[in-house]
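Spelled out, the chains give:
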Amino acid sequence: MSALANRRFLKMNGLGNEITVLDLRGTPLRVSAVEARAIAADPCSHFDQLMVLHDPVTPGTDASMRIYNTDGSESGACGNGTRCVAWAMVADPVMRRPSAKGLVLETKAGLLPVERVSETVFTVDMGSPGLAWTDIPLRDPQSDTRAIDIDTRMADAPELTKPSAVSMGNPHIIFWVKDATAYDLPRIGRVFEHDAMFPEKANISLAQIISPDHILLRVWERGAGLTRACGSAACATLVAASRKGLTGRKATLSLPGGDLLIEWRESDGHVLMTGPTEFEHEGVFSPALFAGAA
Ligand SMILES: N[C@@H](CCC[C@H](N)C(=O)O)C(=O)O
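Residue numbers restart at each chain and count upward from 1, following the sequence in its written direction. A pLDDT threshold of at least 70 governs which residues receive local features in this predicted model, and a stricter bar of 80 or more applies before side-chain atom pairs are shown or counted, although totals over entire chains, interfaces and linings include all residues.

- As recorded in an unreviewed UniProt entry, the protein goes by Diaminopimelate epimerase and comes from Microvirga alba.
- Word for word, the UniProt comment on the protein under Subunit (unreviewed entry) is "Homodimer." UniProt positions are given in the numbering used here, feature names are shortened, and annotations may be inferred rather than shown by experiment.

### Some words on the site of the ligand
No. 1: Nearness here is judged by the C-beta atom: place it from the backbone, and if it falls within 6 Å of a molecule or strand, the residue counts as near that partner. If you check the shell around the ligand, you find 19 residues, and the closest are Ser75, Asn80, Asn170, Gly231 and Ser232.
No. 2: Broken down by secondary-structure element, the contributors of at least two residues to the shell around the ligand are helix 2 (79-91) and helix 4 (231-243).
No. 3: Considering every element that reaches the shell around the ligand, the biggest residue donor is helix 2, with three residues.
No. 4: Of the residues in the shell around the ligand, the class split is four nonpolar, 12 polar and three charged.
No. 5: Residue ranges assigned to the domains are those given by an automatic or database domain assignment. Built from parts of two domains, the shell around the ligand gets at least three residues from each of domain 1 (8-127 + 278-290) and domain 2 (153-269). For the purposes of this entry, the term helix denotes a DSSP run of H or I that reaches at least four residues, the term strand denotes a run of E that reaches at least two, and both are numbered from the N terminus. Side-chain classes follow a simple rule in which Ala, Val, Leu, Ile, Met, Phe, Trp, Tyr, Cys and Pro form the nonpolar group, Asp, Glu, Lys and Arg form the charged group, and the remainder, Gly included, forms the polar group.

### What to know about the pairing of strand 8 (residues 121-125)
No. 1: DSSP calls a pair of strands paired once it identifies at least 2 bridges connecting them. Direction of pairing for strand 7 (residues 110-116) relative to strand 8: antiparallel, over a ladder of three bridges. In the sheet register, Arg116 faces strand 8, and the bridge partner there is Phe122.
No. 2: In this structure, the hairpin formed by strand 7 and strand 8 is closed by a connection of four residues.

### Observations regarding the pairing of strand 16 (residues 250-255)
No. 1: Relative to strand 16, strand 14 (residues 214-221) runs parallel, the two being bridged by three bridges. By the bridge assignment for strand 16, Leu216 is matched with Ser254.
No. 2: Alignment of strand 16 against strand 17 (residues 258-264), held across six bridges, turns out to be antiparallel. Note on strand 17: the bridge partner recorded for Thr252 is Leu261.
No. 3: Between strand 16 and strand 17, which pair antiparallel and follow one another directly, the connecting turn spans two residues.

### Comments concerning the UniProt feature "binding site: substrate" (unreviewed entry) in the protein
No. 1: In the numbering used here, UniProt assigns the "binding site: substrate" (unreviewed entry) feature to Asn17, Gln49, Asn69, Gly79, Asn80, Asn170, Asn203, Glu221, Arg222, Gly231 and Ser232.
No. 2: Structurally, Gly79 can be placed in helix 2.
No. 3: Working definition of a contact: two residues with C-beta atoms, positioned from the backbone, lying within 7 Å. When neighbours within four sequence positions are excluded, Gly79 is seen to be in contact with Val124, Met126, Gly231, Ser232, Ala234, Cys235 and Met273.
No. 4: With respect to the helices and strands, Asn203 occurs in strand 13 (residues 203-211).
No. 5: Exposed residues have 12 or fewer other C-beta atoms within 10 Å of their own C-beta, buried residues have 20 or more, and residues in between are partly exposed; the C-beta atoms are placed from the backbone. Exposure remark for Asn203: the 28 C-beta atoms within 10 Å place this residue in the buried category.
No. 6: Apart from residues lying up to four places away in sequence, Asn203 is in contact with Asn170, Pro171, His172, Val219, Trp220, Glu221, Arg222, Cys230 and Ala233.

### A few points about the domain arrangement of the protein
No. 1: Considered domain by domain, the protein is made up of domain 1 (8-127 + 278-290) and domain 2 (153-269).
No. 2: Placing a centre on the C-alpha atoms of domain 1 and another on those of domain 2 gives a separation of 23 Å.
No. 3: Along the lines of polarity and charge, the residues of the side of domain 1 that touches domain 2 split into five nonpolar, 14 polar and two charged.

### Brief notes about the nonpolar core
No. 1: The biggest cluster of nonpolar side chains holds 79 residues, and the ones touching the most others in it are Val21, Met51, Val85, Ala207, Ala234, Cys235 and Leu238.
No. 2: A per-element tally of this core places helix 4 first, with eight residues.
No. 3: Counting residues domain by domain, this core receives three or more from each of domain 1 (8-127 + 278-290) and domain 2 (153-269). Nonpolar cores are identified as sets of buried Ala, Val, Leu, Ile, Met, Phe, Trp, Tyr and Cys residues joined via C-beta atoms within 7 Å.

### Quick word on unusual backbone geometry
No. 1: Between Ile136 and Pro137 the backbone carries a cis peptide bond, its omega angle lying at -5°.
No. 2: Within the element layout of this structure, Pro137 appears in the loop between strand 8 and strand 9 (153-154).
No. 3: With a phi close to 70°, Asn6 is a non-glycine residue in the positive phi region.
No. 4: Relative to the helices and strands, Asn6 resides in the segment before strand 1 (8-14).
No. 5: Positive phi is not limited to glycine here, since Leu15 has a value of about 55°.

Quick look at the structure:
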């Protein structure tokens, strides 16, 4: 039987991005890809991302996190999930720390300081974006060495060309379009997620500039598919839009699930993401869920 059987989880969402939070601090347990897929397959614990908390690694941090997609693959970043974990650590009766206002969470991609803005709204310092083609990573050096306009196109949609690439600890590709609602994103996402240009695959976004401080965004997530919101994609998009001169360094990103406020801070180059969290329910994993999972 899986050691995860009967463990408590929280089901939450960040703007409709489905998040399951599992606290394994104080235990040596790790989640396998097979177990992650089993958790995702159950309607009660289904997620776009599973946020697993482990004991802190870096002194001064509150927890380290591993982030799993629906298909069991891991990601270095999840903005919406990070806000949900922050809510759990200040408000959930079992997980909360005494006296928490600010906290620092750690992922494979680095340290993420979080501030509580109101009851359910949090600001995450998502760190500095990776802008070199090797940071994303891309397969080849680009004719535009800044990776603002990269050399790829969709064969049967010629206007989908020269997207921008940004890493927020995970790879993001952003196509600039006149109408983000006019495309079959699942079809486009499936094709580009696995394009040979992206050795670690990629999250694929369609971005429509509404004004210098407002962007409409739809996202196909690597390893999870179509989502109602993706925090790291919103951060990557604002950075790319600002580098292209399409927006300033601060904008509202409107996703199907709602709005995120994103700022690419001038003083230190960090990206700040502010948005809501929503608690849905808690549960325990049924042992039957892991039948057959190693
Ligand atoms: N929903 C997330 C990011 C999801 C991670 C992604 N699928 C990946 O594999 O990089 C967010 O809110 O940032």
